[in-house]
Amino acid sequence: MTRIALVTGAGRGVGKGIATALGAAGWTVYVTGRGEPGSDGPLDRTVAEIGERGGTGIALRCDHRDDAMIAEVFARIAGDRDGRLDLLVNNVWSNPDGFTGFAEPCWQRPLDDWDSLIGVGLRAHYVAAVHAARLMVARGSGVIANISSFGTRGYLHSVLYGMSKAGLDKMAFDLAVELRGTGVTTLSLWPGVVRTEKVLALGVDDIEGFPIAHAETPEFVGRVVAALAADPQIGARSGQTIITAEAAVDYGITDIDGGQPPSHRAAFGGGPIFGADIR
């Protein structure tokens, strides 16, 4: 039976990499973004690549600042697939208005940075997780995965960035408590630096001191997500925060060039990770 996924914010970057990797594994993948499907925009190109990889892609317009639009996405999937959803990947993210880079301290930035970095970067994921849980609990299975960051563990980019990512990890952990016994698994994932189109366009050699040459590709993150979602023992990891580079070693996954991207755990202090190593 074909597995069904929803990847939010999948027009480019990490979301696109995850969606296309799932397509390569034969999934039917719903992808969201603010662009209008059928306009030859980023979502359409993601859908085309999913199809080229052997999966089925379906583009849905969604502004994740709008709860009603998020609800419509899940209603569409429920209607199409008789209520079935095997995987939600909470990936959507939004830059603050006028954003040109994380260079200014919070007191020099507008307060409404909150609306994007928390409103989309955290709240929208919670809204999607609630809708996904309603479908998944009814069927007794499913995985909800948040794309988080090492910004949970140490300062990275900005105050609000770190707050949003820490919230995603805590959300996965606490959802696992409430979902215990339902068959639904929740995870939070920490990629390292990722070689997205936007990062490569910067023309820099490193991001926050981490070399671009050693960075993960979006496809690599997707391969890890696909492996986790297909693992019959994944329920034992519910509530955990998982470092993609370390999970790749566990599953025997390499990046598209055959390399093994490094974990940034040591660079952010080493030691245990909330939810994974601390119970």
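Here goes a summary of the coordinates provided.

Each value, and the rule that gives it
- Residues numbered from 1 in each chain as written.
- Predicted model: local features only at pLDDT ≥ 70, side-chain atom pairs only at ≥ 80, totals over all residues.
- Heavy atoms only, no water.
- Helix = DSSP H or I, 4+ residues; strand = E, 2+ residues; numbered from the N terminus.
- Rg over C-alpha atoms; globule rule 2.2 N^0.38 Å.
- Buried < 20%, exposed > 50% of the residue type's maximum accessible area, 1.4 Å probe, protein only.
- Contact = heavy atoms within 4.5 Å.
- Pairing = 2+ DSSP bridges.
- Axes fitted to C-alpha atoms, helices over the stretch in contact; angles between N-to-C directions.
- Salt bridge = Lys/Arg side-chain N within 4 Å of Asp/Glu carboxyl O.
- Patch = residues over 30% accessible without salt bridge, like charges linked within 9 Å, V, L, I, M, F, W, Y side chains within 5 Å.
- Areas by Shrake-Rupley, 256 points an atom, 1.4 Å probe, with all protein chains shown as cover.
- Arc of directions from axis to C-beta.
- 1 Å grid on protein atoms, 1.4 Å probe; cavity = no way out; pocket = protein on both sides within 12 Å on 5 of 7 lines; lining within 4 Å.
- Points joined across faces, edges and corners; volume = space filled by probe spheres on them.
- Nonpolar A, V, L, I, M, F, W, Y, C, P; charged D, E, K, R; others polar.
- Phe/Tyr/Trp six-rings, centres within 6.5 Å; stacked < 30°, edge-to-face > 60°.
- Polar contact = N/O pair within 3.5 Å; in protein donor to acceptor, adjacent residues only side chain to side chain.
- Parallel < 35°, antiparallel > 145°, perpendicular 65-115°, else oblique.
- Left-handed = near helix turned anticlockwise from the far one by under 90°.

1. What about the overall build of the protein?
Scanning the protein from N- to C-terminus turns up 9 helices and 9 strands. A globule of 279 residues ought to have a C-alpha radius of gyration of about 19 Å, and the protein, at 17 Å, matches this closely. In terms of its C-alpha atoms, the protein occupies a principal-axis envelope of roughly 45 × 40 × 35 Å. Burial statistics for the protein: of 279 residues in total, 54% are counted as buried. The contacts in the protein between residues at least 6 apart in sequence include a share of 70% that link residues at least 24 apart.

2. With respect to the sheet that holds strand β5 (residues 142-147)
In spatial order, the strands read β3-β2-β1-β4-β5-β6-β9; together these 7 strands make up an open sheet with parallel pairing. This sheet does not close on itself; its edge strands, each paired only once, are β3 (56-61) and β9 (240-243). For this sheet, the mean angle separating the axes of adjacent strands, direction not counted, is 20°. Of the strands in this sheet, β1 (4-7), β2 (28-33), β4 (87-90) and β5 are in contact with helix α1 (residues 13-24), which crosses β1 at around 170°.

3. Here's the deal with the pattern of salt bridges
Summed over the entire model, instances satisfying the criterion amount to 13 salt bridges. Between Arg65 and Asp63 there is a salt bridge whose closest N-O contact spans 2.6 Å. Overall, Arg65 belongs to the exposed group, its relative accessible area being 53%. Of the charged contacts in the structure, one is a salt bridge between Arg223 and Glu219, with a shortest N-O distance of 3.6 Å. Of this pair, Arg223 and Glu219 both sit in helix α8 (residues 218-230), 4 residues apart, which is roughly one turn of that helix.

4. A look at a nonpolar patch on the surface
A grouping of Trp114, Tyr155, Val159 and Met163 is seen on the molecular surface, where their side chains present a nonpolar patch of about 440 Å² in accessible area. Here Tyr155 is to be found in the loop between β5 and α6 (159-178).

5. Examining helix α9 (residues 244-251)
Listed as buried for α9 are Thr244, Ala245, Ala247 and Ala248. Buried residues in α9, looked at end-on, bunch into an arc of 160°, giving them a common side. Facing away from the buried side of α9 by more than 90 degrees, the exposed set consists of Val249 and Asp250. The elements touched by buried residues of α9 are β6 (184-190), α8 and β9.

6. Considerations on empty space enclosed by the protein
All chains considered together, the criterion is met by 1 cavity of 30 Å³ or more. The computed volume of the largest cavity comes to approximately 40 Å³. Around the largest cavity, the lining residues are Leu87, Val143, Ala145, Leu187, Leu189, Val225, Leu228 and Ala229. When residues of the lining of the largest cavity are traced back to their parent elements, those giving at least two are β5, β6 and α8. A per-class count over the lining of the largest cavity returns 8 nonpolar, no polar and no charged.

7. Let's talk about the packing of aromatic side chains
Summed over the entire model, instances satisfying the criterion amount to 2 aromatic pairs. When the ring of Trp93 is compared with that of Tyr161, the centres are 6.4 Å apart and the planes differ by 75°; the resulting orientation is edge-to-face. Of the two residues, Trp93 sits in the loop between β4 and α4 (113-117) while Tyr161 sits in helix α6, which places them 68 residues apart along the sequence. Plain terms: the ring middles of Phe150 and Trp190 are 4.9 Å apart, the flat faces sit at 50° to each other, and that makes the pair tilted. Taken together, the residues Phe150 in the loop between β5 and α6 and Trp190 in strand β6 connect sequence positions 40 residues apart. As far as the burial class goes, Phe150 and Trp190 line up, both buried.

8. Details of the side chain of Arg84
Tracing the backbone shows Arg84 in the loop between α3 (67-80) and β4. A distance of 3.2 Å separates a polar side-chain atom of Arg84 from the backbone oxygen of Thr2. Excluding anything up to four places from it in sequence, Arg84 contacts Met1, Thr2, Arg3, Ile4, Ile77 and Arg139.

9. What about the packing of α1 against helix α2 (residues 42-52)?
Orientation of α1 relative to α2, taken along the N-to-C sense of each, is 25°, at an axis distance of 7 Å. Taken together, the axes of α1 and α2 lie roughly parallel to each other. In this structure, α1 crosses over α2, and the sense of that crossing is right-handed. Of α2, the residues touching α1 (which contributes Lys16, Ala19, Thr20 and Gly23) are Thr46, Glu49 and Ile50. Of the residues in the contact of α1 with α2, the class split is 2 nonpolar, 3 polar and 2 charged.

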